[in-house]
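Observations on chain architecture
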2 protein chains.
Amino acid sequence: MSETRLKILDTAERLFSEQGYAPVSLRHITAAAGVNLAAIHYHFGSKEELLYELVMRKAAPVNEERLATLQRLREAAGANPLALEDLLEAFLLPAIHTAENSPAFAKLMGRLYGEGLMQEVARKHFGPAAERFLAEMRRTLPDLAEDELSWRLHFMLGAMAYTLAISPLGLLGRTGPESPSRVARRIVAFLSGGFRAPVAAREKVEVSE
Amino acid sequence: MSETRLKILDTAERLFSEQGYAPVSLRHITAAAGVNLAAIHYHFGSKEELLYELVMRKAAPVNEERLATLQRLREAAGANPLALEDLLEAFLLPAIHTAENSPAFAKLMGRLYGEGLMQEVARKHFGPAAERFLAEMRRTLPDLAEDELSWRLHFMLGAMAYTLAISPLGLLGRTGPESPSRVARRIVAFLSGGFRAPVAAREKVEVSE
DNA sequence: GTCTATACTGAGATAGAC
DNA sequence: GTCTATCTCAGTATAGAC
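Quick summary incoming for the structure in this document.

**Some details on helix H1 (residues 3–19) of chain B**
All names here are of chain B. The first and last C-alpha atoms of H1 sit 24 Å apart over 17 residues, in line with the 24 Å expected at 1.5 Å per residue. Within H1 the residues assigned to the buried category are Arg 5, Ile 8, Leu 9, Thr 11, Ala 12, Glu 13, Leu 15, Phe 16 and Ser 17. The N-cap of H1, judged by a side-chain oxygen 3.1 Å from the amide nitrogen of Thr 4 a few residues on, is Ser 2. After H1 finishes, the residue Gly 20 shows a positive phi value of roughly 90°.

Here it is in structure tokens:
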């Protein structure tokens, strides 16, 4: 790997994390990295491709950790399905730890989720882990219909991405900053309840408790 | 309100909804609206301010509907707390209906949630409704600690924003397109389970703190 | 194969005449 | 209030030096 290429990646990661994607120009990046403007085009092709490579580089270890944890859990469980909480933790904790180490980058990732940009990254990178994860989920929650499971995973991703992206000083109530492990426990508890919820057969009827 | 200003707002809303924010230039908007380029800066100051006004305009009725539904529910319930599912529906359905009528705009809104821009919009617009909503939530779930409730509302917003923003042809599994009311039932069921979940007392590996 | 200098097109923003 | 003309800066593309 060329040193120029590496300098661009590192510098861009820093600047994007600090200021977001759009406000950082290629000229800022190349000036800060001490390389020529055209080097970005040569090594990456476009600004978007640079972002893509950058995110992939950071996301890879997250996914590897997910798969490794899943592997360990599977071996420990033998022929039994995994505990729902363990499964959720296996997926959430690596991302939360990354967010802990580089909060600005996590914020960037969360923001990119909302833009079309992350769609491809997510598919390519979280895809493989997601498939393994999905398979274990089916086994842990065998009574959940396939489409319902997909939707619930979708909701899970939303809760997770939002939490990683938005500062914990949310707009509702006063949450205050908290240690990532505590937040993780909260999410896992919430999502467990969601996944275990009975499927809605709700007709609009007045019912009080 | 100037007619020029109105034409800009309408045209921008249409174009942003169709193509997203970044790809639509001010020149596209003014050309399509039949007004002068400089008119945008005269009336709004910048492209971002234009987006802000536009979102505010669209968000207002959503919030009014939320508050109206909440009001109706409160009157019908007398002195009793509201049913959790009703509460969630009161918050979610107005947004989902808006998404139904203009899906591209919903996508745009969902995207903005993750950016600093929406923070202010959310505070200013969803703020009042959120406070009322929060108060009812406390009443419906009196055993939930205040901070836990705040976090769970946070997770709820994430699931919602993500669902509105990302095309339902998600990255996990195959969800396929669905009628908004069906999606709404799925989210409400999932979130109900989440809100009712026991608070995590999970001490699997207690090390830190 | 890498990197540099430089040019091109289109973006948002602005000044000042009317 | 509105328009024309113009400014600065963005991402991108290319020609050619090492």
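**A look at the protein's contact with DNA strand C**
Taken together, 17 residues are adjacent to DNA strand C, and Thr 4 and His 43 of chain A together with Leu 26, Arg 27 and His 41 of chain B come closest. Within 4 Å of the protein, the contacting atoms of DNA strand C are drawn from sugar and phosphate to the extent of 54%. His 43 of chain A places a polar side-chain atom, nitrogen or oxygen, 2.6 Å from a phosphate oxygen of DNA strand C. Contact distances for DNA strand C include 3.1 Å between a phosphate oxygen and a side-chain N or O atom of Lys 47 of chain B. Secondary structure elements with two or more residues in the surface near DNA strand C: helix H3 (37–43) of chain A together with helix H2 (26–33) and helix H3 (37–43) of chain B. The dominant element in the surface near DNA strand C, judged by the number of residues it contributes, is H3 of chain A, at four residues. Its residues placed into classes, the surface near DNA strand C shows seven nonpolar, seven polar and three charged.

**A closer look at the side chain of Thr 163 of chain A**
By the secondary structure assignment, Thr 163 of chain A is in helix H8 (residues 146–165). Ignoring any residue separated from it by four or fewer positions in sequence, one finds Thr 163 of chain A in contact with Val 183 and Ile 187 of chain A together with Trp 151, His 154 and Phe 155 of chain B.

**A look at the protein's contact with DNA strand D**
Around DNA strand D sit 15 residues in total, of which Leu 26, Arg 27 and Lys 47 of chain A together with Asn 36 and His 43 of chain B are the nearest. At the protein interface, 56% of the atoms of DNA strand D within 4 Å belong to sugar or phosphate. Lys 47 of chain A places a polar side-chain atom, nitrogen or oxygen, 2.8 Å from a phosphate oxygen of DNA strand D. For DNA strand D, a phosphate oxygen lies 2.9 Å from a polar atom in the side chain of His 43 of chain B. Here the residues of the surface near DNA strand D sort into six nonpolar, seven polar and two charged.

**So, the environment of Ser 25 of chain A**
Within the element layout of this structure, Ser 25 of chain A appears in the loop between helix H1 (3–19) and helix H2 (26–33). Between the C-alpha atoms of Ser 25 of chain A and Ala 12 of chain A, which are 13 residues apart in sequence, the distance is 9.5 Å.

**Notes on the nonpolar core**
Counting residues in hydrophobic clusters, the biggest one holds 71 residues, and the most contacted among them are Phe 195 of chain A together with Phe 195 of chain B. With 10 residues, the single largest contributor to this core is helix H8 (residues 146–165) of chain B. Val 35, Leu 51, Leu 54 and Val 55 of chain A belong to the second largest nonpolar core, which has 23 residues in total.

**Focus: the pattern of salt bridges**
If you walk through the whole model with that rule in mind, you get 22 salt bridges over all chains. A salt bridge links Arg 152 of chain A to Glu 148 of chain A; its shortest N-O distance comes to 2.9 Å. Within this pair, Arg 152 of chain A and its partner Glu 148 of chain A are both found in helix H8, separated by four residues, close to a single helical turn. Across this residue pair, the class does not change: Arg 152 of chain A and Glu 148 of chain A are buried. For Glu 85 of chain B, the salt bridge goes to Arg 196 of chain B, with nearest N and O atoms at 3.1 Å. Here Glu 85 of chain B, found in helix H5 (residues 84–101), pairs with Arg 196 of chain B, found in helix H9 (residues 180–196); they are 111 residues apart in sequence, far enough to count as distant. Judged by relative accessible area, Arg 196 of chain B falls into the partly exposed class, the value being 41%. Through salt bridges with shared partners, a single network forms among Asp 10, Glu 13, Arg 57 and Lys 58 of chain A.

Definitions and cut-offs
- Residues numbered from 1 in each chain as written.
- Chains lettered and ligands numbered in written order.
- Predicted model: local features only at pLDDT ≥ 70, side-chain atom pairs only at ≥ 80, totals over all residues.
- Heavy atoms only, no water.
- Helix = DSSP H or I, 4+ residues; strand = E, 2+ residues; numbered from the N terminus.
- Expected span 1.5 Å × (residues − 1).
- Buried < 20%, exposed > 50% of the residue type's maximum accessible area, 1.4 Å probe, protein only.
- Polar contact = N/O pair within 3.5 Å; in protein donor to acceptor, adjacent residues only side chain to side chain.
- Near = heavy atom within 4 Å.
- Nonpolar A, V, L, I, M, F, W, Y, C, P; charged D, E, K, R; others polar.
- Contact = heavy atoms within 4.5 Å.
- Core = buried A, V, L, I, M, F, W, Y, C linked by side-chain atoms within 4.5 Å.
- Salt bridge = Lys/Arg side-chain N within 4 Å of Asp/Glu carboxyl O.

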